[in-house]
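# Descriptive analysis of the structure
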Amino acid sequence: MGDNFQTPSPAPAPEPQQKPTPQNATLLQAFEWYIPPDHAHFTRLSSQVPQLARHGISSLWIPPSCKATSPQSNGYDIYDLYDLGEFDQKGSMATKWGTKAQLLELAHKGKEHGVGLYWDAVLNHRFGADHREKCKAVEVDANDRRVRISGEYEIDAWVGFDFPGRGDQHSKLKYHWYHFSGVDFDANDPAKAGTIYQIIGEQSQGWAKSPEDVDGEKGNYDYLMGCDVDYSHPGVEEDVLNWGRWLVKEVPIQGIRFDAVKHFSEGFLRKFVRMLDGEFGEGWFLVGEFWKDSLKSMTDYLDRMDHQFSLFDAPLVYNFGEISTSVSADLRRVFDDTLVQKAPVCAVTLVQNHDTQPLQALAVPITPWFLPLGYALILLREAGYPCVFYGDLYGLCTPTPDNPSPTTPTSGPVAILPKLMLARKLYAYGPQTDYFDYATCIGWVRHGTWDRKDKCAVVMSNAAEGWKSMFVGMECAGQRWTDVLGWREEVVTVGGDGWAEFRCGSCSVSVWAWEGAKGRDEFQTEFDFDIYGSKSGGTQ
């Protein structure tokens, strides 16, 4: 399908003392929402680290690992920043994911195999208070939090945090009503649960300023859920900065994913970043969850953060969803209005995550046939830092009416995904030439670098079987190329002019490389998807 319009320059010739090309970085979001709460997740992940490293995973984004409100909780309803599964609080010593000792063993195993850990920091709110406290508050409009809809009156709020299981270890601060700016429950009037109350008092400064310090959605999007932490309080700021110092000494992490960055003080977050860089050296990978289908809002945020930050490319996920659920959509527009197109250095690209998977509030339906195409689009291209989703690699334990608490996957993994990860590790290097010249069939070539010379040619279609004639280089003349995914059986011989015709199946993708390319034997190794010991099969 289609004509071809570009003849690329060959890969640059080596120069004296040219720096080696590092292996491509690939991130794994190492959890999904419905993993069974058996406190064994860290142990299972540790067993998988060697295999993940062989397939090109360089970092694991681990789930929120601070103590939450129950042993079954995923951790976003955070209770105690300073309890990593060390103290008997909220029903157990372990978090849903495991104990602190198991977490440190995972970090050790990762370091042994060159796989770093990224922490999931939930700094916006707290849940699970130990006692109630009375404080003054006003009700605000849920759709415009700047608008008060009541006068001031006294509420009885769950805002007292004593941390009795931990005591004063690691931190002596106990949280009280004046450490928070809002709540959504008044014990005096349970029938009004869900009403947003802005706390009023001499030691409470109210909402953070919008849009200077928090997102301007809903007038002021400081309040999200639970007890909203007030970073204008000096005690809070000091305690959370100290937690950051303590964390990086306790756990050898290489980066942090900050949850809900739209909702808490950007000024505080900049202080947190400066603290890390100033006291522990630069080089941290920092990414924020700014989930909004608005490219301008995202780029404005990055500007305010001095581009020291990355964001997850939410617009790209929505584009994937729209293309996968449409008939013969225009693949050439897949990157339109995305962060990876506008600010590629700051874009973490993804296909799905724990918030967009089925049954979640932000679920984005993506038709299964498109998943391999989506992963090819984030793994095998030059721009963006790709994040593979655990649920696509190991399967989802999605509840069903017949099985509301599954302990093994109820939907299989994307079985071709490990080969796409390998293709990134081995062949997705150097200059890129796009052949985005036909609506339902696109392709591109990665031309390699001076020390990673092996190339790849990618072609995909969201309609009938597709083909692309693409230039891979005069030096490749006569080479025999095959599909490393194994979905195409033919052999393609590169012409004397460096061009060849590469095909893919209907609603499919193929990744072509020279038969003699380094690492071709690695594609023969079977990936062990059975992390739960259940012998679950794969799809796609």
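Below or above, wherever it landed, is the structure these notes cover.

Rules and cut-offs
Per chain, residues are indexed from 1 in the order of the written sequence. Local features in a predicted model are, by the rule used here, given only for residues with pLDDT of at least 70; side-chain atom pairs are given and counted only at 80 or more, and totals for whole chains, interfaces and linings are based on all residues. For side-chain calculations, the full set of non-hydrogen atoms in the structure is used, while hydrogens and water are omitted. Each helix corresponds to a stretch of at least 4 residues labelled H or I by DSSP, and each strand to a stretch of at least 2 residues labelled E; elements are numbered beginning at the N terminus. Here the radius of gyration uses the C-alpha set of atoms, whereas the globule reference equals 2.2 Å times the residue count to the power 0.38. Relative accessible area decides the class of each residue, using a 1.4 Å probe on protein chains only: under 20% of the type maximum gives buried, over 50% gives exposed, and in between gives partly exposed. Contact criterion: two residues are considered in contact whenever any of their non-hydrogen atoms come within 4.5 Å of each other. Methods summary: accessible areas were calculated by the Shrake-Rupley approach with a probe of 1.4 Å, and residue burial reflects only the protein chains presented. Charge assignment in this entry is limited to Lys and Arg as positive and Asp and Glu as negative, and neither His nor the chain termini are counted. For this purpose, a charge sits on NZ of Lys, CZ of Arg, CG of Asp or CD of Glu. Definition used in this section: a nonpolar core is a set of buried Ala, Val, Leu, Ile, Met, Phe, Trp, Tyr and Cys residues joined via side-chain atoms within 4.5 Å. Axes, fitted as lines to C-alpha atoms, cover a helix only where it is in contact. Angles between the N-to-C directions of the axes lie from 0 to 180 degrees. Geometric relationships in this document are graded by angle, where less than 35 degrees denotes roughly parallel, more than 145 denotes roughly antiparallel, 65 to 115 denotes roughly perpendicular, and other angles denote oblique. Crossing handedness follows the turn of the near helix against the far one: under a right angle anticlockwise gives a left-handed crossing, and clockwise gives a right-handed one. Lys, Arg, Asp and Glu make up the charged group, whereas Ala, Val, Leu, Ile, Met, Phe, Trp, Tyr, Cys and Pro make up the nonpolar group; the residues left over, Gly among them, are polar. For this analysis, a ring pair means two rings from Phe, Tyr or Trp (six-membered ring only for Trp) whose centres lie within 6.5 Å, classed as stacked if their planes differ by under 30 degrees, edge-to-face if by over 60, and tilted for the remaining angles. Only lysine NZ and arginine CZ atoms are considered, and such an atom sits over a ring when it is within 6 Å of the ring centre and within 35 degrees of the ring normal. Any two cysteine sulfur atoms within 2.5 Å of one another count as a disulfide.

### Looking at the overall build of the chain
Regarding its fold elements, the chain presents 10 helices and 25 strands. Its C-alpha radius of gyration of 25 Å places the chain within 12% of the 24 Å reference for a compact globule of 540 residues. Burial analysis of the chain (540 residues in total) assigns 58% to the buried set. At a minimum sequence separation of 6, the contacts of the chain that also span at least 24 residues come to 71%. Counting only carbon and sulfur atoms, one obtains 50% of the accessible surface of the chain, whose full area is about 20,900 Å². For the chain, the distance from the average site of its 50 positive side-chain charges to the average site of its 73 negative ones is 3 Å.

### Quick word on the nonpolar core
In terms of nonpolar packing, the biggest core is built from 146 residues, with Leu60, Trp119, Trp243, Phe272 and Phe309 touching the most fellow members. When neighbours within four sequence positions are excluded, Trp119 is seen to be in contact with Ile62, Ser65, Cys66, Leu84, Leu103, Trp243, Leu247, Val251, Ile253, Gly255, Ile256 and Arg257. Core analysis: the second largest hydrophobic core is formed by 16 residues, Val459, Cys476, Trp481 and Val494 among them.

### Comments concerning the packing of helix 3 (residues 234–250) against helix 4 (residues 266–280)
Two elements in contact, helix 3 and helix 4, have axes separated by 10 Å at closest approach and are oriented at 40°. With respect to each other, helix 3 and helix 4 are oriented oblique. Where helix 3 crosses over helix 4, the handedness of that crossing is right-handed. Listed contacts from helix 4 to Glu237, Val240, Leu241, Trp243, Gly244, Arg245, Val248 and Lys249 of helix 3 are Phe268, Lys271, Phe272, Met275, Leu276, Glu279 and Phe280. When the residues that make up the contact of helix 3 with helix 4 are grouped by side-chain class, the tally is nine nonpolar, one polar and five charged.

### With respect to the packing of aromatic side chains
All chains considered together, the criterion is met by 34 aromatic pairs. Here Tyr301 and Phe309 contribute two aromatic rings whose centre-to-centre distance is 6.2 Å and whose plane-to-plane angle is 65°, an arrangement assigned as edge-to-face. The class of Tyr301 is buried, set by a relative accessible area of 0%. With relative accessibility at 2%, the residue Phe309 sits in the buried group. Put simply, the rings of Tyr231, Trp243, Phe258, Phe264, Phe268, Phe272, Phe290, Tyr301 and Phe309 pair up and form one aromatic cluster. When the ring centre of Tyr175 is taken as origin, the NZ or CZ atom of Arg126, which lies over that ring, is 5.5 Å away. For Arg381, the ring lying beneath its charged end belongs to Trp444, and the centroid distance is 4.8 Å.

### Re the state of the cysteines
Here, the word disulfide means a covalent bond between the sulfur atoms of two cysteines. In this structure the tally under the stated criterion is zero disulfides. With no disulfide of its own, Cys227 lies 9.5 Å from the sulfur of Cys135, the closest cysteine sulfur. The buried category is assigned to Cys227, whose relative accessible area is 7%. Not engaged in a disulfide, the cysteine Cys504 finds its nearest cysteine sulfur in Cys441; these two sulfurs lie 4.8 Å apart.

In short, shape yes, function no, at least from these values alone.
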